[in-house]
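One-letter residues, chain by chain:
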Amino acid sequence: MTPLLHLAAEQKSADVTDWPDRIGWIVGLLLFIALVYWLMRQGWKWRGTLQGDLPPLPSAPSEPGPAKLELSGRYHGSTTAGQWLDRIVAHGLGTRSRVELTLTDAGLDVVRPGATDFFVPVDALREARLDKGIAGKVLTEGGLLIVTWAHGDKLIDSGFRSDHAAEQAEWVTALNDMINTTITTEGTAR
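Residues numbered from 1 in each chain as written. Predicted model: local features only at pLDDT ≥ 70, side-chain atom pairs only at ≥ 80, totals over all residues. Heavy atoms only, no water.

Here we look at the side chain of Ser-78
Moving on, step 1. Relative to the helices and strands, Ser-78 resides in strand S1 (residues 69-80).
Moving on, step 2. A distance of 2.6 Å separates a polar atom in the side chain of Ser-78 from a polar atom in the side chain of Ser-158.
Moving on, step 3. Among residues more than four places away in sequence, those in contact with Ser-78 are Asp-86, Arg-87, Ile-88, Leu-93, Ile-134, Ile-156, Asp-157 and Ser-158. (Helix = DSSP H or I, 4+ residues; strand = E, 2+ residues; numbered from the N terminus. Polar contact = N/O pair within 3.5 Å; in protein donor to acceptor, adjacent residues only side chain to side chain. Contact = heavy atoms within 4.5 Å.)

Written as structure tokens, this is what we have:
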């Protein structure tokens, strides 16, 4: 047994860390991550430039009327209607944020702390439904409140998720009733 102990005592382990190589790899990895982030940022800006023909977002009227419904939750973004992966980033519509929705006789007021607020007039509302996803966010079936509205010559789907998911169905009913009433009123006025 002594020869085995003697052999083990004589061997020297190799250096575990080669600091210059390790630092070089870390710096290279950080530069690569920075490049990917910069390219993603440039793509986001380019998409906003391509959507530059979208008119400015309407703001809420000074007297919108009493609130029919209110909702607190998250705004998950807007897309071209019917194309849930075609995100709209112009005018801050692609920015996720907290949201306070208020439905009045005048329309839908979307207040987003830290992002651009906007207002959807009642005559611009087209449809409300529960769905499972919008660009960058997929949930279980019925997890998102999707509101379709017209802005300029474009139909837009905006996705919201309430802090209390059970109230989203009430929003769909109220919005669709309001849309149908508006269509009926406009149809009889002509």
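A few points about the nonpolar core
Moving on, step 1. Core analysis: the largest hydrophobic core is formed by 29 residues, its most contacted members being Leu-101, Leu-125 and Trp-171.
Moving on, step 2. When residues of this core are traced back to their parent elements, those giving at least two are S1, strand S3 (97-104), strand S4 (107-111), strand S5 (118-121), strand S6 (125-131), strand S9 (144-151), strand S10 (154-162) and helix H3 (168-189).
Moving on, step 3. When residues of this core are assigned to their parent elements, the largest contribution, 5 residues, is made by H3.
Moving on, step 4. If we ignore the near neighbours within four places in the chain, the residues touching Trp-171 are Leu-69, Glu-70, Leu-71, Leu-101, Thr-102, Leu-103, Leu-108 and Leu-145. (Core = buried A, V, L, I, M, F, W, Y, C linked by side-chain atoms within 4.5 Å. Buried < 20%, exposed > 50% of the residue type's maximum accessible area, 1.4 Å probe, protein only.)

Observations regarding the pattern of salt bridges
Moving on, step 1. Going through the model one piece at a time under the given rule, you end up with 5 salt bridges.
Moving on, step 2. Note that Arg-129 and Glu-127 form a salt bridge whose closest N and O atoms lie 3.8 Å from each other.
Moving on, step 3. For Arg-129, the salt bridge identified is with Asp-157, shortest N-O distance 3.3 Å. Of this pair, Arg-129 sits in strand S6 while Asp-157 sits in strand S10, placing them 28 residues apart in sequence.
Moving on, step 4. In this structure, a network of salt bridges that share partners links the residues Glu-127, Arg-129, Asp-131 and Asp-157. (Salt bridge = Lys/Arg side-chain N within 4 Å of Asp/Glu carboxyl O.)

With respect to the packing of aromatic side chains
Moving on, step 1. Counted under the stated rule, the structure contains 3 aromatic pairs.
Moving on, step 2. Aromatic pair Tyr-75 and Phe-118: ring centres 6.2 Å apart, planes at 70 degrees, arrangement edge-to-face. Highlighted residues: Tyr-75 in strand S1 and Phe-118 in strand S5, separated in sequence by 43 residues. The burial state of Tyr-75 is the same as that of Phe-118; both residues are buried. (Phe/Tyr/Trp six-rings, centres within 6.5 Å; stacked < 30°, edge-to-face > 60°.)

Quick word on the layout of surface pockets
Moving on, step 1. Estimates place the volume of the largest pocket at around 160 Å³.
Moving on, step 2. Taken together, Thr-79, Gly-82, Gln-83, Trp-84, Arg-129, Asp-131, Lys-132, Gly-133, Ile-134, Val-138, Ile-146 and Asp-157 make up the full set of residues lining the largest pocket.
Moving on, step 3. Here the lining of the largest pocket is composed, by residue class, of 4 nonpolar, 4 polar and 4 charged. (1 Å grid on protein atoms, 1.4 Å probe; cavity = no way out; pocket = protein on both sides within 12 Å on 5 of 7 lines; lining within 4 Å. Points joined across faces, edges and corners; volume = space filled by probe spheres on them. Nonpolar A, V, L, I, M, F, W, Y, C, P; charged D, E, K, R; others polar.)

Considering the environment of Trp-84
Moving on, step 1. You can see Trp-84 is positioned in the loop between S1 and strand S2 (87-88).
Moving on, step 2. For the pair formed by Trp-84 and Ala-135, sequence separation is 51 residues and the distance between their alpha carbons is 5.6 Å.
Moving on, step 3. Residues within four places of Trp-84 in sequence aside, it is in contact with Thr-79, Gly-133, Ile-134, Ala-135 and Val-138.

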